[in-house]
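Summary of structural features
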Amino acid sequence: MRKRDHNVLTNAASLLICGLLAGVVVAAAAFPAVAMSGLAAKAGAQTFGALPTELKVARAPQITYLLASDGKTPLATMYDENRRDVKLKDVSLFMQKAIVAAEDHQFYKHNGVDFNGVARAFVNNSSGSNAQQGASTLTMQYVRLAIAYSATHPADVVAATEDTSARKLREMRYALQIDKELSKDEILERYLNIAPFGNGAYGVYAASQVYFGKPPSKLDIQESALLAGLVKAPTAYDPTTTSGYDDAVGRRNYVIQNMVTIGAITQAQADEAKQIKLKVNHKRTPNGCVAANVRSWGFFCDYFYRWWMGQETFGATTYDRERRLKSGGYTITTTLDKQAQTAADKAVRNHLSESSKAARMVAVVEPGTGRVRAVAVNRNFKLDDPDHPQNKISSDPRKAKKGIRGNYPNTVIPLVTGGPGITGYQAGSTFKIFTLVAALEKGYPLSYTINAQPQFKSEYIIDSGNPAACAGTHFYCPQNASKAMAGVHNMWSGFGFSVNTYFIPLQQQVGAENVVKAAEKLGITFRASNDAKFAATKDAAHQWGAFSLGVSQTTPLELANAYATLAADGKYCEPIPVQEIRSPDGEKLDIANPRCEQRISTQVARAAVDAARCPLGDSSSTSQCKTGTARNVHGIVDAPVAGKSGTTDKDKTSALVAMTKQYAVAGIMADPDWPQTNQRMGHDVPNGINPAVYETLRDAMKGKDRKNFTPPSGKIVEGDQRSIPDVKCLSIDAAKSRLRGAGFEPVVGTSKVPSECPADTAAGTSPDRRTIKGGVVLIEVSNGQGGPKPGTTTGPGTVFPPPNGNGRGPRPRG
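Residues numbered from 1 in each chain as written. Predicted model: local features only at pLDDT ≥ 70, side-chain atom pairs only at ≥ 80, totals over all residues. Heavy atoms only, no water.

Details of the overall build of the protein chain
Check the secondary structure of the protein chain and you find 28 helices and 24 strands. The proportion of buried residues among the 814 residues of the protein chain is 55%. Accessible surface, the protein chain: about 33,700 Å² in total, of which carbon and sulfur atoms supply 50%. (Helix = DSSP H or I, 4+ residues; strand = E, 2+ residues; numbered from the N terminus. Buried < 20%, exposed > 50% of the residue type's maximum accessible area, 1.4 Å probe, protein only. Areas by Shrake-Rupley, 256 points an atom, 1.4 Å probe, with all protein chains shown as cover.)

Describing the sheet that holds strand β15 (residues 578-582)
On the basis of which strands lie adjacent, the open sheet formed by four strands has the order β2-β1-β5-β15 and mixed pairing. This sheet does not close on itself; its edge strands, each paired only once, are β2 (74-78) and β15. Geometrically, the sheet is characterised by an average inter-axis angle of 15° between neighbouring strands, direction not taken into account. Bridge analysis of strand β1 (residues 64-67) against strand β5 (residues 331-334) gives three bridges, and the strand direction is parallel. Residue pairing for β5: L66 is matched across the bridge by I332. Of the strands in this sheet, β1, β2, β5 and β15 touch helix α13 (residues 298-309), which is tilted by about 45° from β2. (Pairing = 2+ DSSP bridges. Axes fitted to C-alpha atoms, helices over the stretch in contact; angles between N-to-C directions. Contact = heavy atoms within 4.5 Å.)

Notes on the side chain of S224
Mapped onto the secondary structure, S224 falls in helix α10 (residues 221-230). Engagement of the side chain of S224 in a polar contact is seen with the backbone oxygen of D220, the distance being 2.7 Å. Leave out the neighbours within four places in its chain, and S224 touches S92, F94, M95, A98 and L219. (Polar contact = N/O pair within 3.5 Å; in protein donor to acceptor, adjacent residues only side chain to side chain.)

A word on the environment of V641
Residue placement: V641 occurs in the loop between α25 (633-637) and β17 (642-647). Using a relative accessible area of 0% as the deciding quantity, one classes V641 as buried. For the pair formed by V641 and G617, sequence separation is 24 residues and the distance between their alpha carbons is 8.3 Å. When residues no more than four places from it in sequence are discounted, the contact partners of V641 are R613, L616, D618, H634, M659, T660, L697 and F709.

Regarding the packing of helix α3 (residues 93-103) against helix α11 (residues 242-261)
Axis separation between α3 and α11 bottoms out at 8 Å; the angle between their running directions is 100°. In terms of axis orientation, α3 runs roughly perpendicular to α11. From α3, F94, K97, A98, A101, A102 and E103 reach across to α11, where they touch R251, V255, N258 and M259. Each residue belonging to the contact of α3 with α11 can be placed in one class, and the counts come to six nonpolar, one polar and three charged. (Parallel < 35°, antiparallel > 145°, perpendicular 65-115°, else oblique. Nonpolar A, V, L, I, M, F, W, Y, C, P; charged D, E, K, R; others polar.)

Regarding the pairing of strand β24 (residues 776-782)
Of all seven residues that make up β24, seven are buried, and the element is covered over most of its length. Burial along β24 is two-sided: V776, L778, E780 and S782 facing one way and V777, I779 and V781 facing the other are all buried. Pairing between strand β21 (residues 745-753) and β24: six bridges, direction parallel. Paired with V748 across the bridge in β24 is I779.

Re the nonpolar core
One finds W308, F434, M491, L506 and I581 to be the most contacted residues of the largest nonpolar core, which totals 113 residues. Beyond its immediate stretch of four places on either side in the chain, L506 contacts T435, A439, Y444, Y448, I450 and M491. Listed in part, the 60 residues of the second largest apolar core include V91, I99, Y142 and L230. (Core = buried A, V, L, I, M, F, W, Y, C linked by side-chain atoms within 4.5 Å.)

With respect to the sheet that holds strand β19 (residues 664-670)
One open sheet holds the five strands; their spatial order is β7-β6-β19-β18-β17, and the pairing between them is antiparallel. Since the sheet does not close on itself, it has two edges, and those belong to β7 (372-377) and β17, each with one partner. Ignoring strand direction, the axes of neighbouring strands in this sheet form an average angle of 5°. As paired strands, strand β18 (residues 654-659) and β19 are joined by six bridges and run antiparallel to one another. For M659, the partnering residue across the bridge sits in β19 and is A664.

Focus: the state of the cysteines
Taken as a whole and assessed by the stated rule, the structure comprises five disulfides. For C470, the disulfide goes to C477, at an S-S distance of 1.5 Å. Here C470 and C477 share a disulfide; its torsion about the S-S bond, -110°, makes the bridge left-handed. Comparing C470 with C477, the two get one shared label, buried. (Disulfide = S-S within 2.5 Å.)

As for the environment of Q507
Here Q507 shows up in helix α19 (residues 500-510). The class of Q507 is buried, set by a relative accessible area of 0%. Taking C-alpha positions, Q507 is 5.9 Å from T435, a pair spaced 72 residues apart along the chain. A polar atom in the side chain of Q507 sits 2.5 Å from the side chain of S548.

With respect to the pairing of β19
Side chains on a regular strand alternate between the two faces of the sheet. Most of β19 is tucked away: seven of the seven residues are buried. Covered by surrounding structure in β19 are A664, A666, I668 and A670 together with V665, G667 and M669, the residues of both alternating faces. Taken together, the seven bridges between strand β6 (residues 359-365) and β19 define a ladder with antiparallel strand orientation. Along β19, the bridge assignment pairs M361 with I668. Following β18, the chain reverses through four residues before pairing antiparallel with β19.

Considering unusual backbone geometry
Residues Y408 and P409 are joined by a peptide bond in cis, for which omega reads 10°. Counting through the fold element by element, P409 comes out in the loop between α16 (397-401) and β9 (410-411). Here the amide bond leading from S766 into P767 is cis, since omega sits at -5°, within 30 degrees of zero. Note that P767 resides in the loop between β22 (762-766) and β23 (770-772).

Focus on the pattern of salt bridges
Think of it this way: side chains of opposite charge can pair up when their charged atoms draw near. Within this structure, the stated rule accounts for 28 salt bridges. For D80, the salt bridge goes to R323, with nearest N and O atoms at 2.8 Å. Of the two residues, D80 sits in the loop between β2 and α3 while R323 sits in helix α14 (residues 318-327), which places them 243 residues apart along the sequence. On the basis of relative accessibility, which here comes to 22%, the residue R323 falls in the partly exposed class. For the salt bridge of E597 with R599, the shortest nitrogen-to-oxygen distance reads 2.6 Å. Overall, E597 belongs to the partly exposed group, its relative accessible area being 43%. Note on R599: relative accessible area 27%, which makes it partly exposed. Each of R295, D345, R349 and E354 takes part in salt bridges that share partners, so that together they form one network. (Salt bridge = Lys/Arg side-chain N within 4 Å of Asp/Glu carboxyl O.)

Written out as structure tokens, the structure reads:
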């Protein structure tokens, strides 16, 4: 602020005269007869001199802009008042002159208070005229608005606008002080940014956008006059209404003529401007996520909003946080990747309408930063109109009987990211990744073998009446989706085939509590109350027998971020929807920075990813993949990929995770309204979950580098390798004894192989040279009908029976 010279009167004289006139004018307005007495003038001068001079001004509410990650594409706007401050240099000169012509002809001549105007008001108000005058200058009007916006209590707002002598005196006193401290241009700029223009527009920037769809620098004479005329009575002169249009034109023309009076334009310019037919946009600025720039982006916007409301940095209470968001004037660059989001929006709707009971939900996370790049579901982000509802009757039979409508096609529920009312969905065998991580952390290598039986009798105790219990017992006994999946498997093949009877024994050896802990480290939160009880204590988690089969609830966002952590070599990053937040002054807030920490060792993470390449048809220099449940993903995405598919009982949900080094995409298909649905959720069918995931990843990766995952190294791959003793042509019992003596677990093959050894003796082993200490060694049984000569090998590697089916199907529940 700078001081200016005052040519009209000295400051002392200004205060004295203003005080005297204020007393008279106020008295005239309230008590015309008393106004003529000297007592009124004396009282006014005394009161005026005692008033404070320092006006504390808070910034008026500003609109907040949300942008996509490119920093340019509008996502949404949020505001309590649609206002964006602009510099006076960015406001048309016509607009600057028009507001002076409309409100204060003497603006550039007076010292904040127009003494002549005060005198005119005195004469008018004391004459008994019905039309009362207040003699407010632009500076005084600014003071009134500034006091209201700086108020911290509703009563202060009322005091700032009520028609009382105290208010008028206070405005005059502050106006004189402000006129000393600010230049006329500074006062005019502040006024133009704070004044209300109607139709939700506050300040000249918002007004020029709402009424004319252009920045204030582009306003012409008649547009400027229209806006300047609105300030006096925005509702009465509203040009967007039939009743207000003619009055608005009349008021506009009045201001145009006043612009001639103050010398801002010529009469010829005025006559031309008056002839222009008034045309306005009547386009209110969209507000909130339901009015997002792209309809389907509302779900991402809502995720951002919920994230903001959870950040204590923005206020101690949710009320404070919301006020700061909607009045802070921030420019927020979100993490929404236009290419990925557009791909996801298209993929979730392909062959599945928004009116489907089944929700295809997809989340995309960037490994290494936690930045959420896309959130999509085949729903409209909008509130269903209760008077004209579009939503179908709920799929839940209990609700349907009561006529309650479901959440399709319209909803604002956070289906993809979780929140109130959404604890998540079962993601099936995608959870086997946590068992794999826990085992690797315990020192089990990728090559660790287990002889997976058609059915595994575990030590986990469940209700004896549970279908997943072994007949006549209370032990949990999982089976596989196909009998052909039984056999000797290591982590690569067990994960690729999705073999239940490999992973439940592995979980039992590692400890279910450690598997649950691994899931927590990777970001699984256990929102459902029953899940939370299991996860709450070590003892409870130890008995969570079916955990590896994905019986816990999660969301696509959690699942994508868990896998993204592994793609980032074990660096966990909190999911975040923002990459930059700037205040109206351009200050950058640190809260948008990624929040990451190393939660899984680099080698464990790389080993887990190495196994996770198998289900999607990919492999590395170290992996021993044989087949996978979603093998076509690698070819479709055309990049190094890793992930896992998952299914639950009777296909009530289906899931797929597919990731590259740049994006982790997780999709879950379910009926959010009725989890016990009788609808089967598909996988690799046009309206299933797989296309929604791999099409999203494929299109997100267009134009991106093909980065490879780093393979693991060291003992985590092969473990502590030991030589396998030769058992050829020994009896089966002798072969088993020799293998046990060497520290291996012998398993006898169920089918016979050609061999020159006598029938029913050992033809050899698989593997036949070396394997992990304590590992499973398959004894091949000879059929006695020739084959490899004694002393030759049957080749390295473990026998992996071909799968019958795609690894999906019913999952025994525990």
